[in-house]
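Secondary and tertiary structure notes
One letter stands for each residue in the lines below.
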Amino acid sequence: MPAPIITTRDLRKRYADTHALAGLDLTVPAGVVCAVLGPNGAGKSTLVRVLATLTRPDAGDARVAGHDVRAEPRQVRARIGLLGQHTAVDEVLGGRENLLLFGRLHHLSPTRARARADELLARFDLTDVADRPAGTYSGGTRRRLDLAAALVADPPVLFLDEPTTGLDPRARTGVHDAVRALADAGTTVLLTTQYLEEADRLADTVVVVDHGRVVAEGTPERLRGTLGADRVEVLLDHAGDLAAATDAIGAATGATPRVDPDALRVGVPAADRVGTLGAVLAALTAAGVTAVDVTLRRPTLDEVFLHLTADRAAVAR
Amino acid sequence: MSATALTDTATLTGRALRHWRRQPTPVLVTLLFPILLVLMFGYLLGGAMVVPGGGDYREFLLPGMFAMTMLFGVETTYTAVATDAARGVTDRLRSLPVARGAVIAGRATADGLHAVVALAVMLACGLAVGWRPHAGVGPALAAVGLLLLLRLAMIVVGIHLALLLRAPESVVALQILVWPVGFASSAFVAPQTMPGWLGAVAAYNPLSATVAACRELFGNPGWGGDGFTARHAVALAVAWPLAVIAVAGPLAVRRWQRLDR
């Protein structure tokens, strides 16, 4: 396991009456893509702002790339790239001028800044619009420039706060590809998202945050595991078949099926995967029950997420 | 100031200048609007204006317009800083390894340059409409210095208000508020022609101090008051902006530091 490049210990931040961070502990090894997943108001953005030295925590420690965010903010800033929740490029200046500006503020020499700007313009397909004011770009194009600006100094650590919120699917895919490429080149990426498929697709490790705390973490695979094994789900045609189907599936698998009478669904854990599927199908046929649909599937991150943050939802209700 | 701080300030000053090159219209408006006022007051309304103690109204008006131009500058500073804060650009700049204070210093330098150009345009405008400095080069330069000091105070006020409100659209409110400050002064008419209480407000208005001092230093006709403010115009024209800076400066710095809350 590589050495951690981002660590927080008991990080706390309070705003008026809400605890945005309530003792958050996080360790991100170098070179991984870590997705911070959580509902609105879970503390994701505050976490990114603290790590990017924009917000001072009330208590706790945070270290990024070997430097304490409070004691050595300048050293941290020299080693990070930040893509904020909202696109933050200079909308009056052109794409190239933006990249030159941020390159110079990262203390690249004028020559180096110019070369780097050209490189990034080409890489993010911005060469054609390089000299137009960024305010005239489409949302997706502006976000690409935003990302390019975050990469000007080739930072070892990149923070992306909801990088694809508000983008159309095509622009979203573009950002995903860019993040993957960066990760493959060894950049550590911490991204926040509300999209489970985004975490699933990009992340090596997922951290679920709620109420300013980490409530679960692990690989997407492992998080699914917390909800149990794969499942076989049967969708019935008639409510009258529910009892017969439940009995038949229970007898065939030795497990207690979970029944959703409104949706006409019966489900059981599929310990033996395809074997279980076959047993269920045979049992249904033998019982003379007609199924509309039978699926074998892993729990989605959505289910994990809803399960882990259920307390919050219950309170909200 | 370290070399990095100077480089960063220069980079950020350059950014503001590029903005003006990219979007010249708003800057041109700030340069041309005071000329419009000179024409309006100097020619349209000027015929009805009587300068107490005699003297040409345009000679009386121009120092007032110089100071008004500096006062209007608060809108330029406010808009630039509030737009950056509202659009997240300020946060992006704060996430870069930029020298402490360079963002503010860059803004102040750019707006200082803007003030120099705006003042040059107004001086040229004044010369074109018959205004003249009569008291020599030294006092004239001192007057220019006092005007730029007023603009510096407006830079500080603009930065503080912008960091406080972070809403570029609120500049409309600022544009409206600038007028009572401008008119309830000795810039356009002599305070003794106003109702008593308003005349007192106008006489003690900080803007009037700069206006009166400029009239004195340019050798232009004043409004003839013999009160405290008239007798100490130059001293007050130094003291008022410094007092504003002394109050708004620390507040602006504190606002900046509190962005990390």
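Residues numbered from 1 in each chain as written. Chains lettered and ligands numbered in written order. Predicted model: local features only at pLDDT ≥ 70, side-chain atom pairs only at ≥ 80, totals over all residues. Heavy atoms only, no water.

The name an unreviewed UniProt entry gives chain B is Transport permease protein, with Micromonospora mirobrigensis as the organism. Note on chain B: under the UniProt heading Sequence similarities (unreviewed entry), the record states "Belongs to the ABC-2 integral membrane protein family." (UniProt positions renumbered as here; feature names shortened; annotations may be inferred.)

In the annotation of an unreviewed UniProt entry, the entry for chain A reads ABC-2 type transport system ATP-binding protein, and the organism field reads Micromonospora mirobrigensis. Looking at chain A in UniProt, the text filed under Sequence similarities (unreviewed entry) is "Belongs to the ABC transporter superfamily. Drug exporter-1 (DrugE1) (TC 3.A.1.105) family." The heading Subcellular location (unreviewed entry) in the UniProt record of chain A holds the text "Cell membrane".

Considerations on the nonpolar core
Residue and element names in this part refer to chain B. Met65, Phe66, Met68 and Phe188 are the most contacted members of the largest nonpolar core, which totals 58 residues. Elements with a contribution of two residues or more to this core: helix H2 (24–45), helix H3 (57–87), helix H5 (102–128), helix H6 (137–165), helix H7 (171–183), helix H9 (206–218) and helix H11 (233–257). Beyond its immediate chain neighbours, meaning those up to four positions away, Phe188 contacts Phe41, Tyr57, Phe60, Leu61, Met65, Met68, Gly182 and Phe183. (Core = buried A, V, L, I, M, F, W, Y, C linked by side-chain atoms within 4.5 Å. Buried < 20%, exposed > 50% of the residue type's maximum accessible area, 1.4 Å probe, protein only. Helix = DSSP H or I, 4+ residues; strand = E, 2+ residues; numbered from the N terminus. Contact = heavy atoms within 4.5 Å.)

Some details on the interface of chain A and chain B
With 34 residues of chain A at the interface, the matching set in chain B holds 26 residues. Regarding the contact of chain A and chain B, the summed buried area is about 2600 Å², with carbon and sulfur atoms giving 54% of it. When the buried area of chain A at its contact with chain B is split by residue, Leu54(A), Val92(A) and Leu105(A) rank highest and sum to 24% of it. Where Arg18(B) meets Glu97(A), a salt bridge forms, and the shortest distance between an N and an O atom there is 2.8 Å. For the pair chain A and chain B, the interface holds 14 residue pairs in polar contact (both at pLDDT 80 or more). At the level of elements, strand S1 (4–15), helix H2 (73–77), strand S6 (80–83), helix H3 (95–105) and helix H5 (139–150) of chain A are the ones that each hand at least two residues to the side of chain A that touches chain B. (Buried area = accessible area lost by both parts, 1.4 Å probe. Salt bridge = Lys/Arg side-chain N within 4 Å of Asp/Glu carboxyl O. Polar contact = N/O pair within 3.5 Å; in protein donor to acceptor, adjacent residues only side chain to side chain.)

Description of the pattern of salt bridges
With the rule as written, the count across this model stands at 22 salt bridges over all chains. Between Arg96(A) and Asp118(A) there is a salt bridge, and its shortest N-O distance comes to 2.4 Å. Of this pair, Arg96(A) sits in helix H3 while Asp118(A) sits in helix H4 (residues 110–123); the two residues are 22 residues apart in sequence, bridging distant segments of the chain. On the accessibility criterion, Arg96(A) (24% relative accessible area) is partly exposed. Of the charged contacts, one joins Arg273(A) and Asp230(A) as a salt bridge, the two residues approaching to 1.7 Å between their closest N and O atoms. With Arg273(A) in the loop between strand S13 (265–269) and helix H10 (274–287) and Asp230(A) in the loop between helix H8 (220–225) and strand S11 (231–236), this residue pair connects regions lying 43 residues apart in the sequence. Connected through shared salt-bridge partners, Arg49(A), Asp91(B) and Arg94(B) make up one network.

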